[in-house]
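# Results of the structural survey
Now for the letters of each chain:
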Amino acid sequence: MQTANRDPVLLAWLDGFTEVVGRSIAWLVIIMMTVQFIIVVMRYAFSLHSVVMQESVMYMHAMVFMLGAAWTLRHDGHVRVDIFYRKLSERGRAWIDLLGTLFLLFPVVLFIAISSFGYVRSSWAIMERSPDGGIPGVFLLKSLILLMMALLLLQGVAQVMRQVLILRGKAPGNTPDHDEVV
């Protein structure tokens, strides 16, 4: 009984962590758009160019997509073909989500993490820098791959916990909020 009480607390913490990361990263989109606007004005109005500013947009873009992936998973925003999914019961959807997480998400996340570890480690070993003289932190950019995998893994654990609670009847089901096709 003790474990059942802790599960929702851990689930709430994992979901809350994903929310904080996702909402924080969302602000980066505004900053990225502002920097891109400044780059365009500098280039076309003043004929000025900054490699660091150009690369900063690339870094921010990578951060938005890589660190926002777990938030997107949390909000069921990833692409999937739900021709049959939306017509299933809550328990049916919970089973598909649970099996998809266990047999698709986790293996892919672990494969990417394991296969990219050497790539990231090599970049750190040489403290890889921009070949164009821009931001001297390419190794940090490459580290986002592993950070994205860690965030997806944490959110995957939350997804598994949620689906198990739904299957046990201890949590409300996940109703798809996508537009219904008529």
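Shown above is the structure to which this text applies.
Just so you know, these numbers come straight off a predicted model, no measurement behind them.

Residues Phe37, Ile38, Val41, Phe46 and Leu48 make up a contiguous nonpolar surface patch of roughly 490 Å² in combined accessible area. Topologically, Ile38 is positioned in helix H1 (residues 2-46).

Here the focus is the side chain of Glu55. Structurally, the position occupied by Glu55 is in helix H2 (residues 51-67). Within polar-contact distance, the side chain of Glu55 engages the side chain of Ser130 at 2.4 Å. Dropping the residues within four chain positions of it, Glu55 is found in contact with Ser130, Asp132, Gly134 and Ile135.

A few words now on the environment of Met33. Relative to the assigned elements, Met33 resides in helix H1. Among the residues examined, Met33 registers a relative accessible area of 56% and is labelled exposed. For Met33 and Gly22, which are 11 residues apart along the polypeptide, the C-alpha to C-alpha distance reads 17 Å.

Any two side chains of opposite charge can pair, so long as their charged atoms come close to each other. For the structure on display, the rule yields four salt bridges. Put simply, Asp15 and Arg74 hold a salt bridge, and the shortest N to O gap is 3.3 Å. In this pair, Asp15 is assigned in helix H1 and Arg74 in helix H3 (residues 69-74), connecting sequence segments 59 residues apart. For Arg74, a relative accessible area of 27% puts it in the partly exposed group. Classification of Asp15 as buried rests on a relative accessible area of 9%. Within the structure, one salt-bridge network assembled from shared partners comprises Asp15, Arg74 and Arg162.

Glancing now at the nonpolar core. One finds Ile25, Met66, Leu144, Met148, Met149 and Leu152 to be the most contacted residues of the largest nonpolar core, which totals 28 residues. Breaking this core down by element, the ones donating at least two residues are H1, H2, H3, helix H4 (90-125) and helix H5 (138-167). Among the elements that take part in this core, H5 stands out by supplying eight residues, more than any other. Apart from residues lying up to four places away in sequence, Ile25 is in contact with Met63, Val64 and Leu67. If you look at the next biggest cluster of nonpolar residues, it comprises six residues, including Phe106, Val160, Ile166 and Leu167.

Geometry of an aromatic ring pair is reported as the spacing of the ring centres plus the angle between the planes. A complete count under the given rule lists two aromatic pairs for this structure. Here Trp13 and Phe17 contribute two aromatic rings whose centre-to-centre distance is 5.5 Å and whose plane-to-plane angle is 5 degrees, an arrangement assigned as stacked. Of the two residues, Trp13 and Phe17 are both situated in helix H1; the distance of four residues between them amounts to about one turn of the helix. Assessed through its relative accessible area of 51%, Trp13 is described here as exposed. With a centroid separation of 4.6 Å and 70 degrees between ring planes, the pair formed by Trp124 and Phe139 is classed as edge-to-face. Of this pair, Trp124 sits in helix H4 while Phe139 sits in helix H5; the two residues are 15 residues apart in sequence, bridging distant segments of the chain.

So, on to the environment of Ala69. With respect to the helices, strands and loops of the structure, Ala69 is situated in helix H3. Along the primary structure Ala69 and Ile166 are separated by 97 residues, whereas in three dimensions their C-alpha atoms are 23 Å apart. In this view, Ala69 contacts His78, Met148 and Leu152; residues no more than four positions away in its chain are not counted.

A few words on H4. Given a rise of 1.5 Å per residue, 36 residues ought to cover 52 Å, and the 49 Å separating the end C-alpha atoms of H4 matches this to within 8%. The positive-phi residue at the C-terminal boundary of H4 is Met127, with phi of around 50 degrees.

In this fold, Gln155 is placed in helix H5. For Gln155, the residues in contact, after removing those within four places along its chain, are Leu14, Asp15, Thr18, Ala70, Leu73, Arg74 and Arg162.

Reading the values: the criteria
- Residues numbered from 1 in each chain as written.
- Predicted model: local features only at pLDDT ≥ 70, side-chain atom pairs only at ≥ 80, totals over all residues.
- Heavy atoms only, no water.
- Patch = residues over 30% accessible without salt bridge, like charges linked within 9 Å, V, L, I, M, F, W, Y side chains within 5 Å.
- Areas by Shrake-Rupley, 256 points an atom, 1.4 Å probe, with all protein chains shown as cover.
- Salt bridge = Lys/Arg side-chain N within 4 Å of Asp/Glu carboxyl O.
- Helix = DSSP H or I, 4+ residues; strand = E, 2+ residues; numbered from the N terminus.
- Polar contact = N/O pair within 3.5 Å; in protein donor to acceptor, adjacent residues only side chain to side chain.
- Contact = heavy atoms within 4.5 Å.
- Buried < 20%, exposed > 50% of the residue type's maximum accessible area, 1.4 Å probe, protein only.
- Core = buried A, V, L, I, M, F, W, Y, C linked by side-chain atoms within 4.5 Å.
- Phe/Tyr/Trp six-rings, centres within 6.5 Å; stacked < 30°, edge-to-face > 60°.
- Expected span 1.5 Å × (residues − 1).

The values are spatial; any link to function lies outside them.
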